[in-house]
Amino acid sequence: MDLELKDKIAVITGGSKGIGEAVARELAREGVHLALCARHKEEVENTARKISETFGVQALGFACDVSRLKDIEQFVEAVKNTYPEGVDILINNAGTGSAEKIIDAPDSRWQYYWDLHVMAAVRLSRLLAPLMQKRGGGVIINNASICARQPLDYEPIYNVTKAALVMFSKCLANEFITYNIRVNCVSPGLILTPDWYKTANIVGKEKGMTPEEYLENIAKENAPIGRFATPEELAHFMVFLCSPKASYCVGSNYYVDGGWLRVT
Ligand code: NDP
């Protein structure tokens, strides 16, 4: 199936590794040019360079902390300079898990995750919409989490801010479809990325397990499919959502979770 994505231009936050990198690679495979951001400059520049060399597309790698408005404004300026013709796709992906108790988590922690998971998507959507309108429309995907609906006990701030991102996606979809910008949300389950390896190393050791044993246990306990997804399995779905083949998909939240969600 030709996904009709060749020479489209995509902006991806958290594009240096994990899910963001997989989406970047799978879009580049379809001939999409990229602007990736992440906090660590060298890493995001390396990822962009490797993708560019492998797939023959243009790829900007830019250091940016999306929890900060100033950084976002600088990133958008760099995107405009690199792609003055506009952009077609925005993937709001940057994010990370949390660990706290509500009883003692300070306001600053709530504020950080609000800025990271919600305001980054608000600000980038607002700032990039005119660049999409230049191209006659576009696609925005917000990467939330199954935890937006089915919370994990150890990370209330993550659950709450991801739930807000799902609602933001719906509101944005209703407003932006009038500009021919299709907005959707994706809620992944267990995706095997560097973030999970980090957790497996720490928590696995505490429980007397190898990281591999810990990850296998998590998958068997939670996902009926009994395993983690690869980042590519999720990326394939996101690439489809970006394509004109998904032209009637607007304002939905799609679970990609191996059956983990316990309710319909
Ligand atoms: P990784 O930790 O593997 O990658 C996260 C990416 O985001 C990196 O590129 C990281 O680079 C970047 N990033 C983190 N914080 C910021 C920031 N403040 N500003 C800019 N970039 C940032 O995570 P995943 O790939 O696992 O997760 C990606 C998204 O998917 C997250 O939003 C996560 O909540 C969501 N998700 C993941 C699931 C999973 O099982 N893996 C399940 C459900 C949702 P750097 O550190 O250099 O900034």
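For the structure, see preceding data.
Now for a quick tour of the structure. Each chain carries its own residue numbering, running from 1 in the written order of its sequence. Selection of residues for local features in this predicted model requires a pLDDT of at least 70, selection of side-chain atom pairs for listing and counting requires 80 or more, and totals for whole chains, interfaces and linings are taken over all residues. Values shown for side chains rest on all heavy atoms present in the structure; no hydrogens or waters enter the calculation.

**Re the overall build of the protein chain**
Right, so step 1: Starting at the N terminus, helices and strands are each numbered in turn, a helix being any DSSP run of H or I of at least four residues and a strand any DSSP run of E of at least two. Scanning the protein chain from N- to C-terminus turns up eight helices and seven strands.
Right, so step 2: Computation of the radius of gyration draws on C-alpha atoms, with the globule rule given as 2.2 Å multiplied by the number of residues to the power 0.38. Its C-alpha atoms give the protein chain a radius of gyration of 18 Å, near enough to 18 Å, the size a compact globule of 264 residues would have.
Right, so step 3: Along the longest, intermediate and shortest principal axes, the C-alpha atoms of the protein chain span 55 × 40 × 40 Å.
Right, so step 4: Buried, partly exposed and exposed residues are distinguished by accessible area as a fraction of the type maximum, computed with a 1.4 Å probe on protein chains only: under 20%, between the cut-offs, and over 50%, respectively. Relative to its 264 residues, the protein chain shows a buried fraction of 51%.
Right, so step 5: Residue contacts are defined here by distance: any two heavy atoms, one from each residue, within 4.5 Å place the two residues in contact. Considering only contacts within the protein chain whose residues lie at least 6 apart along the sequence, 74% involve residues at least 24 apart.
Right, so step 6: Carbon and sulfur atoms make up 53% of the accessible area of the protein chain, which totals about 12600 Å².
Right, so step 7: A gap of 3 Å separates the mean positions of the 29 positive and 32 negative side-chain charges of the protein chain. Each accessible area is a Shrake-Rupley estimate made with a 1.4 Å probe; only the visible protein chains count as cover when residues are assessed. The charge count includes Lys and Arg as positive and Asp and Glu as negative, but it does not include His or the ends of the chains. To locate a charge, the coordinates of NZ of Lys, CZ of Arg, CG of Asp or CD of Glu are taken.

**Brief notes about the sheet that holds strand β6 (residues 181–188)**
Right, so step 1: Spatially, seven strands are ordered β3-β2-β1-β4-β5-β6-β7 in an open sheet, and the strand pairing comes out parallel. Each having just a single partner strand, β3 (59–63) and β7 (253–256) make up the two edges of the open sheet. With strand direction ignored, the average angle separating the axes of adjacent strands in the sheet is 15°.
Right, so step 2: Two elements, strand β1 (residues 9–13) and strand β4 (residues 89–92), share three bridges in a ladder whose sense is parallel. By definition, two strands form a pair when at least two bridges between them are found by DSSP. Note on definitions: angles span 0 to 180 degrees between N-to-C directions of axes, and those axes are lines fitted to C-alpha atoms, for helices only across the stretch in contact.

**Notes on the packing of aromatic side chains**
Right, so step 1: Note on ring pairs: Phe, Tyr and Trp rings are taken, using the six-membered ring of Trp, and paired if centres are within 6.5 Å. Classes follow the plane angle, with under 30 degrees stacked, over 60 edge-to-face and the rest tilted. Following the criterion strictly, the structure yields five aromatic pairs and no others.
Right, so step 2: With 5.5 Å between their ring centres and 70° between their planes, Phe237 and Tyr254 make a pair best called edge-to-face. Separated by 17 residues along the polypeptide, Phe237 in helix α8 (residues 231–242) and Tyr254 in strand β7 bring together distant segments of the chain.

**Concerning the side chain of Asp257**
Right, so step 1: Structurally, Asp257 can be placed in the segment after β7.
Right, so step 2: One buried charge, Asp257, has no salt-bridge partner; the nearest side chain with opposite charge is Arg262, at 8.8 Å.
Right, so step 3: Each polar contact in these results corresponds to two N or O atoms within 3.5 Å; when the atoms are within protein, one needs to be able to donate a hydrogen and the other to accept it, and residues that are neighboring in sequence are counted only if both atoms are side-chain atoms. One polar contact links the side chain of Asp257 to the main-chain amide nitrogen of Leu261, over a distance of 2.9 Å.
Right, so step 4: With residues up to four places along the chain from it excluded, the contact list for Asp257 reads Ile146, Gly189 and Ala223. One side-chain nitrogen of Lys or Arg within 4 Å of one carboxyl oxygen of Asp or Glu is enough to make a salt bridge.

**A short note on the nonpolar core**
For soluble globular proteins, nonpolar side chains are generally found buried alongside one another.
Right, so step 1: By nonpolar core is meant a set of buried Ala, Val, Leu, Ile, Met, Phe, Trp, Tyr and Cys residues that side-chain atoms within 4.5 Å join together. Of all hydrophobic cores here, the largest spans 36 residues; its most connected members are Val11, Val66, Phe75, Val79, Leu124 and Ile140.
Right, so step 2: The set of elements that each furnish at least two residues to this core consists of β1, β2 (33–38), α3 (69–82), α4 (107–133), α5 (156–176) and β6.
Right, so step 3: Not counting residues within four places of it along the chain, the set of residues in contact with Leu124 comprises Thr13, Val66, Ile72, Phe75, Val76, Leu90, Asn92 and Ala129.
Right, so step 4: One finds Leu3, Leu5, Val186 and Ala246 within the second-largest nonpolar core, a separate group that totals 33 residues.

**Quick word on helix α1 (residues 18–29)**
Right, so step 1: Multiplying 1.5 Å by the residue count of a helix minus one yields the expected span of that helix. A rise of 1.5 Å per residue sets the reference length of α1, with its twelve residues, at 16 Å; its end C-alpha atoms lie 17 Å apart and thus fit the reference within 8%.
Right, so step 2: Of all twelve residues making up α1, nine are buried, and the element is well covered by its neighbours.
Right, so step 3: Every buried residue of α1 is accounted for by Gly18, Ile19, Gly20, Ala22, Val23, Ala24, Glu26, Leu27 and Ala28.
Right, so step 4: In the stretch just after α1, Gly31 is the one whose phi turns positive, near 90°.

**A short note on the site of the ligand**
Right, so step 1: Close to the ligand lie 30 residues, the nearest being Ser16, Arg39, His40, Tyr158 and Thr193.
Right, so step 2: Backbone polar atom of Ile19 to an oxygen atom of the ligand: 2.8 Å apart, as the coordinates give it.
Right, so step 3: Within the backbone of Asn93, an N or O atom sits 2.7 Å from an oxygen atom of the ligand.
Right, so step 4: For the ligand, the protein covers 95% of the area, taking 890 Å² as the surface of the free molecule.
Right, so step 5: For the shell around the ligand, the element with the most residues is helix α6 (residues 194–206), which contributes three residues.
Right, so step 6: The residue classification treats Ala, Val, Leu, Ile, Met, Phe, Trp, Tyr, Cys and Pro as nonpolar and Asp, Glu, Lys and Arg as charged. All others, Gly included, are polar. Its residues placed into classes, the shell around the ligand shows 14 nonpolar, eleven polar and five charged. When we say a residue is near a molecule or strand, we mean one of its heavy atoms is within 4 Å of it.

**Concerning α6**
Right, so step 1: For α6, with 13 residues, the first-to-last C-alpha span of 19 Å sits near the 18 Å given by 1.5 Å per residue.
Right, so step 2: Listing the buried residues of α6 in full gives Trp196, Ala200 and Gly204.
Right, so step 3: At its buried positions, α6 is contacted by α7 (211–222).

**Describing the pattern of salt bridges**
When their charged atoms lie close together, side chains carrying opposite charge are able to pair.
Right, so step 1: By the definition in use, this model includes 13 salt bridges.
Right, so step 2: Glu77 is the salt-bridge partner of Lys80, the closest N and O atoms lying 3.6 Å from each other. Taken together, the residues span about one helical turn, with Lys80 and Glu77 both in helix α3 at a distance of three residues.
Right, so step 3: Overall, the relative accessible area of 34% leaves Lys80 in the partly exposed class.

Note that every value here comes from positions in space, so none of it alone points to a role or purpose.
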